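# Observations on the three-dimensional arrangement
In case you want the letters, here they are:
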Amino acid sequence: MQSDIKAVLRPTSPHLSIYRRQISSVLSITHRLTGLALFVGTGLIVLWLVVAAYAPAHYTTLHSSLHSGFGQICMLGWTLAFYYHFANGIRHLFWDIGKGFTLPVMHRSGWTVIVFTLLMTAVTWFIAYTSTGTLS
Amino acid sequence: MMATNDLRSRLSRVKGLGAAHHGVQHWWLQRVTAVALLPLSAWFVTSFITAMLSSNVVKVAIWFASPLNAILMVMLLAVMFAHARLGVQVVIEDYVKSPAAKYSLLLANTFICFAFAGLSILAVLKLHFLDMSTSI
């Protein structure tokens, strides 16, 4: 009896490096990562408000650095992170009231979050670049 | 009727506070702030891309002169940093094992969130109460 137990060497789980990625786990960790990214982004909101209120002479410097290549990449990243965390957060709230737990619904809502994120990011950047006079 | 394998005292069961002695307070506040952030953050992103991309700081100040814009921004900042603090706290608790590092980071998280909230709300109030005829 004892030798039988020793012979069974089942793999322990999860081995994250070899475990096949699934939409459920990828979207879950992305929610955390986007949350952390947005936390960093709140620092920029603080900086933006503090410069506008207490150092208005430096406002143009902040504005032009946000319009540099690096600044625009950061803003694009935060736009994606915001819409992702927003939409996936709604998904979490539905789970919290016990809805949407079946696999087909969960996969569908997951893909909806991805499509929503990309679509809203595109819409937001389109409006930002076309609304008259705001980028001057 | 108490289950035979339940080792908790009757007092513990009736209080319902669990091992952390905080009950569902953290979990619930995370959800309350999440629900509040849905309209507030959507309002902010919409306002930001339509009214505040200007390099002219006066436009930002004029925007915050509106009582509605100022109060919504203060509410957003308060709720956003409450939500961020709770979220980052869970990430630290989940991934940082060493007690010294864990409690240092938890303390830093709390301090940074309160400092960011205080700074940014003060800046919004200053912009709101700014006398345009003499300043900037």
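As shown above, the structure is provided for reference.
We now turn to the structure provided with this report. (Residues numbered from 1 in each chain as written. Chains lettered and ligands numbered in written order. Predicted model: local features only at pLDDT ≥ 70, side-chain atom pairs only at ≥ 80, totals over all residues. Heavy atoms only, no water.)

### Re the packing of helix 3 (residues 57-65) of chain B against helix 4 (residues 67-95) of chain B
All names here are of chain B. Keep this limit in mind: Helix axes use the C-alpha atoms of the stretch in contact, all axes being lines fitted to C-alpha atoms, and the angles between their N-to-C directions lie in the range 0 to 180 degrees. Numbering of helices and strands starts at the N terminus; helices are DSSP runs of H or I of at least 4 residues and strands are runs of E of at least 2. Each angle is binned into one of four classes, with values under 35 degrees roughly parallel, values over 145 roughly antiparallel, values of 65 to 115 roughly perpendicular, and all other values oblique. Contacts between residues were defined by any pair of non-hydrogen atoms, one from each residue, lying within 4.5 Å. Any residue that is not Ala, Val, Leu, Ile, Met, Phe, Trp, Tyr, Cys, Pro, Asp, Glu, Lys or Arg is counted as polar, Gly included; the first ten are nonpolar and the last four charged.
At a closest axis distance of 5 Å, the pairing of helix 3 and helix 4 adopts a crossing angle of 90°. Comparing their axes, helix 4 and helix 3 come out roughly perpendicular. Judged by residue contacts, W63, F64 and A65 of helix 3 engage P67, N69, A70 and M73 from helix 4. Partitioned by chemical class, the residues of the contact of helix 3 with helix 4 number six nonpolar, one polar and no charged.

### Overview of the interface of chain A and chain B
Formally: By buried area we mean the combined loss of accessible area, with a 1.4 Å probe, across both parts when two parts are placed together. Each salt bridge in this description consists of a side-chain nitrogen of Lys or Arg and a carboxyl oxygen of Asp or Glu lying within 4 Å of one another. Each polar contact in these results corresponds to two N or O atoms within 3.5 Å; when the atoms are within protein, one needs to be able to donate a hydrogen and the other to accept it, and residues that are neighboring in sequence are counted only if both atoms are side-chain atoms.
Each partner contributes to the interface: chain A provides 35 residues, whereas chain B provides 43 residues. With both chains or domains summed, chain A and chain B bury close to 3200 Å², and 77% of this area falls on carbon and sulfur atoms. Of all residues in chain A, the largest losses of buried area upon contact with chain B belong to R32(A), F39(A) and W48(A), amounting jointly to 19% of the total for that side. The interface formed by chain A and chain B includes two salt bridges. With its nearest N and O atoms 2.7 Å apart, the salt bridge here joins D94(B) to R32(A). On the surface where chain A and chain B come into contact, there are six residue pairs in polar contact (both at pLDDT 80 or more). Top contributing element to the side of chain A that touches chain B by residue count: helix 2 (residues 23-54) of chain A, with 14 residues. Class assignment of the residues belonging to the side of chain A that touches chain B gives a composition of 22 nonpolar, 11 polar and two charged.

### Some points on the packing of aromatic side chains
Stated precisely, the cut-off is as follows: Between 30 and 60 degrees the pair is tilted, below 30 it is stacked and above 60 it is edge-to-face, where a pair is any two Phe, Tyr or Trp rings, Trp via its six-membered ring, whose centres lie within 6.5 Å. The buried label applies to any residue whose accessible area, calculated with a 1.4 Å probe on protein chains only, is under 20% of its type's maximum; exposed applies above 50%, and partly exposed to all values in between.
Applying the stated rule across the entire model yields 14 aromatic pairs over all chains. Consider the rings of F44(B) and F48(B), whose centres lie 5.6 Å apart with planes at 40°: the pair is tilted. Taken together, the positions of F44(B) and F48(B), both in helix 2 (residues 25-51) and four residues apart, correspond to about one turn of that helix. The class for F48(B) is buried, based on a relative accessible area of 17%. Feature note: the residues W48(A), W43(B), F44(B), F48(B), W63(B) and F64(B) constitute an aromatic cluster, connected by ring pairs.

Shape descriptors only; they carry no functional weight alone.
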